[in-house]
Amino acid sequence: MFKIMKYLGEFKASVAAVILLLILQAYCDLALPSYTSDIVDVGIEQGGIENAVPEIMRPETMEGICLLLGDDAFIRENYRLNEDGNYELQAETPETIAALDEAMREAIVILYHQGGNTEELSDTMASQMAVMFIRAEYEAVGVDLNAIQTRYLLKTGGKMLLMTVLMMTASIAVGYLAAKVSAGIGRRLRDRVFRKVVSFSHAEMDRFSTASLITRSTNDIQQVQMVAVMLLRMVCYAPILGIGGIVKVINTRTGMGWIIVAAVVLILALVGTLMKIAMPKFKLMQTLVDGMNLVSREILTGIPVIRAFSREKYEEKRFDRANQELMSTQLFTNRVMTFMMPTMMFIMNAIAVAIVWFGSKGIDAGNLQIGDMMAFITYSMQIVMSFLMLTMISVMLPRAGVAAERIEEILDTEPTILDAEQVRDNTVSGEGTVVFENVAFRYPGAEEEALSDISFTAQPGKTTAVIGSTGSGKSTLLHLIPRFYDVTGGKITVDGIDIRELSQRKLRSMLGFVPQKGVLFSGTIESNIKFAGEEYVSDEMMKEAAEIAQAMEFIEEKKEAYESPVAQGGTNVSGGQKQRLSIARAIAGRPKIFLFDDSFSALDYKTDAVLRKALHEKLADATVIIVAQRISTILHADQIIVLDDGRIAGIGRHEELLQTCEAYQEIAKSQLSESELKGGAGNE
């Protein structure tokens, strides 16, 4: 709740405007029952006569009133004789009319009651007698009573119409501003979450699963956005309406306020009980949505493997379990909440019945008018409706509160990979020499080091290859260079500067990284190769990169060539084409250091050889670091680093390692024929 209020605080002007408009809307809403009461009591029952102040009366009536009052100066100065010899009212201000009403009422009632005891009469009965006296006086003078009634009804009805139009206008404006504010909150949150996630290192990405990040960026923000609208339109309005209704109920002086108190206590008890039961399930629901998204994403991305192993039925059951668990939780909360609306309606109807029951007794005793009772019922319903609105939003608030906490968890997470306070971007020479000095690395939470005591130098114009068995740490080593992770021991330098002293932007601008799994983005072939930005990659550079990556052949075969569309994830190109486009993308920016993470595995031997030859010829001054599984890919590397269980087992050229490194010999024997091994040895 407080987090959502914090988000609303960023739109102070709009929220203030909404509150002012809600006050106007509530004022109009609360005024309508009073006008309805006036139409019934004054317009219909009293024929449009509002008070005990006659607009015109005969001289004998004036004399009788003045005689009963004793001090008649105030009465006489507000009336004057007209041409017909009758007294006409001259007072115009509401204050004067109210003072005359108070002064004349008792005298008029005495005249009507013909000297009877008026002390036992209630205010309501006294008012009715005064009105009846004035009506009789008007008839005697010849005043059109129908015209008085029609004029009053039109005047009061016009006020009601004006209030309704104002209320409708305020409601529309509130709806517009609330939608605008909530959309702004959603946009800002999505922007902040996206920027924060983009800044995450692999360590933070490992902490939050991809499925959870997607849920938090979409469903959770949508929950917050939806509740923000409700907060502005309902939660802010409900207290204003409720408090205003209570004030109005107190002013009606019906003596039935205890009914409202009893109803409010019952409603609070109901809401508290239901929330206590449902709250834990609301908190669980978002976690279950995460699990559902996780299963869905795994199944959808792994459909080929699932089909290959005929595991459709198993995956269907796994999905069904996650779906069933989420459905069961939702059904439980829905069942709990289904008690709320019928119970609230029962309370509302019980209030109406109680008011009619006790109100009818007051009407019978002459202490209450029908219009007052109708207004009291309406105000009571408004008070209950305000609590009902709060109850409705209370159903959504727990889930939105959990969603806000999950969003804040992302926003409050500080990336472990940060730029130094004083970066040395301007001092780096740009030659591209990469040096590992006693580098060690351990994954967050791991007990053992993935890499330890790694030292080597990768020089410009030369190819450094990294090979080893599965799990030996090859990709981990490569990922340390662009700072996807930071070393836990030792250091990595580029041109003699620790990479932690360079800004991430500067460091990565010097690198051309090709991941193990080729990743393409929806768009065109051109947009993918020029991914570094058109300001850095010209058309000539793009075409040269495609030629080096051996992608020209299949690009030119396409009808639209470089404008050919690429589907999301590159699903409309083959694995080899995807990998060549990924390589072309890395080459296009002409970085000084190339990192290939087993990027030639999807290529045939011929394309592999031609591509590596083109790299050597066209990018002769660049530092090339290749992680590979195939010895044929690194056969002619200037330096081969053999990793075994996170440690360097050997460094040298192919021929040297065949004689000196047992780990390399085992890899070579598994991949090369006897003649190739002898040939390699003989070439030494």
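Located above this text is the structure these notes cover.
Reading the values: rules and limits
- Residues numbered from 1 in each chain as written.
- Predicted model: local features only at pLDDT ≥ 70, side-chain atom pairs only at ≥ 80, totals over all residues.
- Heavy atoms only, no water.
- Phe/Tyr/Trp six-rings, centres within 6.5 Å; stacked < 30°, edge-to-face > 60°.
- Helix = DSSP H or I, 4+ residues; strand = E, 2+ residues; numbered from the N terminus.
- Buried < 20%, exposed > 50% of the residue type's maximum accessible area, 1.4 Å probe, protein only.
- Lys NZ or Arg CZ within 6 Å of the ring centre and 35° of its normal.
- Contact = heavy atoms within 4.5 Å.
- Patch = residues over 30% accessible without salt bridge, like charges linked within 9 Å, V, L, I, M, F, W, Y side chains within 5 Å.
- Areas by Shrake-Rupley, 256 points an atom, 1.4 Å probe, with all protein chains shown as cover.
- Salt bridge = Lys/Arg side-chain N within 4 Å of Asp/Glu carboxyl O.
- Lys, Arg positive; Asp, Glu negative; His and termini not counted.
- Charge placed at Lys NZ, Arg CZ, Asp CG, Glu CD.
- Pairing = 2+ DSSP bridges.
- Core = buried A, V, L, I, M, F, W, Y, C linked by side-chain atoms within 4.5 Å.

Asks: Let's hear about the packing of aromatic side chains: which residues, and what values?
Replies: Evaluated as defined, the whole model comprises seven aromatic pairs. Here Phe441 and Tyr485 contribute two aromatic rings whose centre-to-centre distance is 5.2 Å and whose plane-to-plane angle is 50°, an arrangement assigned as tilted. Residue Phe441 is located in strand β4 (residues 434-441), and its partner Tyr485 is located in the loop between α16 (474-480) and β7 (489-494); the two are separated by 44 residues in the primary sequence. Comparing Phe441 with Tyr485, the two get one shared label, buried. Through pairs of rings, three or more aromatic residues link up here, namely Phe441, Tyr443 and Tyr485. Directly above the aromatic system of Phe531 lies the positively charged group of Arg585, at a separation of 5.9 Å from the ring centroid.

Asks: Outline the environment of Thr391, listing residues and values.
Replies: By the element assignment, Thr391 lies in helix α15 (residues 370-412). Spatially, the C-alpha atoms of Thr391 and Gly461 are 71 Å apart, while their sequence positions differ by 70 residues. The residues touching Thr391, leaving out its near neighbours within four places in the chain, are Ile267, Val271, Met340 and Met344.

Asks: Tell me what's going on with a negative patch on the surface, and back it up with residues and numbers.
Replies: Side chains of Glu447, Glu448, Asp644, Asp645, Glu662 and Glu666 sit close together on the surface and give a patch of like negative charge. You can see Glu662 is positioned in helix α25 (residues 662-671).

Asks: Help me get a handle on unusual backbone geometry, residues and values and all.
Replies: Of note, the phi angle at Asp453 is positive, near 55°, even though the residue is not glycine. One non-glycine residue with positive phi stands out, namely Asp645, at about 55°.

Asks: Can you break down the sheet that holds strand β2 (residues 79-81) residue by residue, with the values?
Replies: To summarise the sheet geometry, strands pair through backbone hydrogen bonds and adopt either a parallel or an antiparallel arrangement. Pairing is antiparallel across the open sheet formed by three strands, whose spatial order is β1-β3-β2. Here the strands that pair on one side only, and so sit at the sheet edges, are β1 (56-57) and β2. Pairing of β2 with strand β3 (residues 87-89) involves three bridges; the strand directions are antiparallel. Across the sheet, the residue bridging to Arg80 is Glu88, located in β3.

Asks: Give me the nonpolar core: which residues, what numbers.
Replies: Of all hydrophobic cores here, the largest spans 69 residues; its most connected members are Leu8, Ile185, Leu189, Val224, Ile351, Ile355 and Ile407. Contributing elements (two or more residues each) for this core: α1 (2-8), α2 (12-45), α7 (145-199), α9 (210-235), α10 (237-252), α11 (257-301), α14 (340-364) and α15. Here the element with the most residues in this core is α15; it accounts for 19 residues. In contact with Ile185, not counting residues within four places along its chain, are Tyr7, Leu8, Phe11, Val224 and Ala228. By size, the runner-up hydrophobic cluster in this structure holds 50 residues, among which are Ile467, Ala545, Ala551 and Ile667.

Asks: Hey, could you go over the environment of Ala52 for me, with residue numbers and the actual values?
Replies: Position of Ala52 among the secondary structure elements: in the loop between α2 and β1. Expressed as a C-alpha distance, the spacing of Ala52 and Pro482, which sit 430 residues apart in the sequence, is 91 Å. With residues near it in sequence (within four places) discarded, Ala52 still touches Asp101, Met104, Arg105, Ile108, Ala130 and Ile134.

Asks: Before we move on, can you summarise the pairing of β4 with the specific residues and values?
Replies: The two faces of a sheet get side chains in turn, since along a regular strand they alternate between them. Counting buried residues in β4 gives six out of eight residues, a clear majority hidden from the surface. Inspection of the sheet shows β4 paired to β7 by five bridges, in the antiparallel sense. Paired with Val435 across the two strands is Thr493, which belongs to β7.

Asks: Give me the lowdown on the sheet that holds β4, citing residues and values where you can.
Replies: Overall, antiparallel pairing links the four strands, which are arranged β5-β4-β7-β8 in an open sheet. Edge positions in the open sheet fall to β5 (451-458) and β8 (497-498), since each of these has one partner strand only.

Asks: Report on the pattern of salt bridges, specifying residues and quantitative values.
Replies: Scanning the entire structure with this criterion turns up 19 salt bridges. A salt bridge links Arg105 to Asp101, with the shortest nitrogen-to-oxygen separation between them at 2.7 Å. With a gap of four residues between them, Arg105 and Asp101 both fall in helix α5 (residues 94-113), about one helical turn apart. You can call Arg105 partly exposed: its relative accessible area is 23%. Residue Asp101 is classed as buried on the basis of its relative accessible area of 15%. Measuring nitrogen to oxygen at the nearest pair gives 2.6 Å for the salt bridge that ties Asp220 to Arg406. On the criterion of sequence distance, the pair formed by Asp220 in helix α9 and Arg406 in helix α15 is long-range, its members being 186 residues apart. Both residues of the pair, Asp220 and Arg406, count as buried. Linked through salt bridges whose partners overlap, the residues forming this network are Glu10, Arg188 and Arg192.

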